[in-house]
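This is what each chain is made of:
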Amino acid sequence: MLEALKEAQIAYDLGEVPIGAVVEKDGMIIGRGHNLTERAKDPTAHAEMIALREAAQVLGGWRLLGCNLYVTAEPCAMCAGAIVWARIKKLYIGTMDPKGGACGSVFNIPQEPRLNHYVEIETGIMQQECHDILKAFFKQLRKKKSEEIQL
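Residues numbered from 1 in each chain as written. Predicted model: local features only at pLDDT ≥ 70, side-chain atom pairs only at ≥ 80, totals over all residues. Heavy atoms only, no water.

A short note on the packing of helix α3 (residues 47-59) against helix α4 (residues 77-85)
Here is step 1 of the chain: Relative to each other, α3 and α4 sit at 25 degrees, their axes nearing to 9 Å. Our classification of the angle between α3 and α4 gives roughly parallel. Crossing of α3 over α4 shows left-handed handedness. Residues Glu-48, Met-49 and Leu-52 of α3 lie in contact with α4, whose contacting residues are Met-78, Cys-79, Ala-82 and Ile-83.
Here is step 2 of the chain: Along the lines of polarity and charge, the residues of the contact of α3 with α4 split into 6 nonpolar, no polar and 1 charged. (Axes fitted to C-alpha atoms, helices over the stretch in contact; angles between N-to-C directions. Helix = DSSP H or I, 4+ residues; strand = E, 2+ residues; numbered from the N terminus. Parallel < 35°, antiparallel > 145°, perpendicular 65-115°, else oblique. Left-handed = near helix turned anticlockwise from the far one by under 90°. Contact = heavy atoms within 4.5 Å. Nonpolar A, V, L, I, M, F, W, Y, C, P; charged D, E, K, R; others polar.)

Here it is as structure tokens:
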């Protein structure tokens, strides 16, 4: 999760929502990603999607069998679907998203019994650190918007 937090910090420094993700297989990181939706002007440029794409390129195929995904914040529905289709073995989540999370909060797509793959999930990994970077980002964003309104 420490490596995913490093990715989240890169996103933070770029002014993106600070979420980071890494794909691990056999103890080696084979995919990394951080949010780039604003810079890329791409609604699919989430940390998880970028990390999954990179891992697929490294492995030479879209089935990421035996791979684990570490992500600083609970994935959305889009990312949760991609996690299932990529056949991720286990998903490690830093902090949950009670408003839009799709891995246990609002929905639980990776463990939906009607789908063809079941993903193990472990939550609360470095939860405070993962929560704190998001909290700091949105506090800074609110302050910036408040200052713009006052001008």
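Section: the nonpolar core
Here is step 1 of the chain: In this structure, Val-23, Leu-52, Leu-64, Leu-69, Ile-83, Ile-88 and Leu-91 are the most contacted members of the largest nonpolar core, which totals 28 residues.
Here is step 2 of the chain: Mapped onto this core, the elements with two or more residues apiece are β1 (20-25), α3, β3 (67-73), α4 and β4 (90-95).
Here is step 3 of the chain: Considering each element in turn, this core owes the most residues, 6 residues, to α3.
Here is step 4 of the chain: For Leu-69, the residues in contact, after removing those within four places along its chain, are Ala-21, Val-22, Val-23, Glu-48, Ile-83, Ile-88, Lys-90, Leu-91 and Tyr-92.
Here is step 5 of the chain: If you look at the next biggest cluster of nonpolar residues, it comprises 10 residues, including Ala-8, Tyr-92, Ile-125 and Cys-130. (Core = buried A, V, L, I, M, F, W, Y, C linked by side-chain atoms within 4.5 Å. Buried < 20%, exposed > 50% of the residue type's maximum accessible area, 1.4 Å probe, protein only.)

Section: the sheet that holds strand β2 (residues 28-34)
Backbone-to-backbone hydrogen bonds pair the strands of a sheet. The strands run either parallel or antiparallel.
Here is step 1 of the chain: Read across the open sheet, the 5 strands follow the order β2-β1-β3-β4-β5; overall the sheet is mixed. Each of the sheet's edge strands pairs with one partner strand only, and the pair in question is β2 and β5 (120-123). With direction set aside, neighbouring strand axes in the sheet form an average angle of 15 degrees.
Here is step 2 of the chain: Here helix α1 (residues 2-13) sits on the sheet in contact with β1, β2 and β3, set at roughly 150 degrees to β1. (Pairing = 2+ DSSP bridges.)

Considerations on the pairing of β2
Here is step 1 of the chain: Of the pairings in the sheet, the one linking β1 to β2 comprises 6 bridges and is antiparallel in character. The partner of Lys-25 across the bridge, within β2, is Met-28.
Here is step 2 of the chain: From the end of β1 to the start of β2, which pair antiparallel, there are 2 residues, and Asp-26 there has a positive phi angle of about 55 degrees.

Read these as layout, nothing more, since geometry by itself doesn't imply function.
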